[in-house]
Amino acid sequence: MLEKLTRAYERTLAWGNGGFGIGHYAEEGEKVPQRFEFEQGAFELTNQNGLYFNWHYKPDDYPEHLERLTRRETTPQELRLAFFASGRGSNVDAILRNINSGNLDARPKIVLSNRDDAEVITVAKKWGLPRIVIKKRTYKKSFDANVLKYLQDFKVNCIVLAGYLPKVSRNFITEFPGHILNIHPSLLPSYGGKGMYGSHVHQAVLDSDEVRSGASVHLVTEDYDDGPILGQRVVDVKESDTIKTLASRVLHAEHILYTNVLRDIQKGKIVL
Ligand code: GRF
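Just so you know, these numbers come straight off a predicted model, no measurement behind them.

**Q** Residue-level account of the pairing of strand β6 (residues 158-161), with values.
**A** Where burial is concerned, the two faces of β6 agree: the one with C158 and V160 and the one with I159 and L161 are both buried. In this sheet, β6 lies alongside strand β3 (residues 80-84) in parallel orientation, the contact comprising four bridges. Within β6, the residue paired with F83 across the bridge is V160. Strand direction decides the pairing type here: β6 and strand β7 (residues 180-184), joined by three bridges, are parallel. When the sheet's bridge partners are listed, I159 is paired in β7 with I180.

Given below as structure tokens:
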């Protein structure tokens, strides 16, 4: 079994820079543990909401190995979040809903957008969060300093990008090393990089006759969609899918995934 798990982990590495495992689809109702941690990383098994993202085995058959795979000691982290978004804000809304319902232990501090007509501003208002519109064009060279000042004032320690279009500059990456997250609507490293956003991603997935797509949460580096992958969630691509239907299923997966990853960070299971 351990050999199987190791193979699963290697397969994960083949998909991305570590992160969660990608195994076979389990039978509906199959009993599987939720998560394993290794010295080198971790992978998550889930059979929620019809998404089967599991490795094939029955935990009860392998008690001695399960013991070796028990969780590491973890230290909970306080998450003080800033959300950066340019559009609809459905991921921000989903995370705030989970915080509000006690499903995620985090302190949302501020929502920042580069567009004053972005729907995410209304989302922030609905949840009573401070919201700031700060346009690169207006601030030009002082943009970074202005935004960083807000982040300091609100004592933010983690930046959550959710459909934020401007490129995040080196200043932010230096100020928040390894603490800027982004979500992308594909199974990175596939279908990421410059020009791969929104419908372009789903069109490319459909054009390539992929049978699976999904969402990835990764750390932000200076290159688009290139940082270490913290979590992924798979969705099936159906033959009848259009860009719209696929996008909608992937978005639903994003709403679950982002909170799951943030929760793992908060609980200290993922160490940034
Ligand atoms: C999501 O599909 C996300 O993966 C991408 O931008 C989109 C944002 O959607 N980075 P929303 O604004 O959260 O609804």
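What follows continues from the structure just given.
**Q** Pulling in residues and values, what's your account of unusual backbone geometry?
**A** Cis geometry is adopted by the peptide bond preceding P189, which originates at L188 and carries an omega value of 10°. In this fold, P189 is placed in the loop between β7 and α8 (199-207). Of note in this structure, Y191 is not a glycine but carries a positive phi near 60°. By the element assignment, Y191 lies in the loop between β7 and α8. Since its relative accessible area comes to 18%, Y191 is described here as buried. Phi at D209 is positive, roughly 55°, even though this residue is not glycine. Within the fold, D209 resides in the loop between α8 and β8 (212-219). Residue D209 is classed as exposed on the basis of its relative accessible area of 66%.

Each value, and the rule that gives it
Residues numbered from 1 in each chain as written. Predicted model: local features only at pLDDT ≥ 70, side-chain atom pairs only at ≥ 80, totals over all residues. Heavy atoms only, no water. Buried < 20%, exposed > 50% of the residue type's maximum accessible area, 1.4 Å probe, protein only. Helix = DSSP H or I, 4+ residues; strand = E, 2+ residues; numbered from the N terminus. Pairing = 2+ DSSP bridges.

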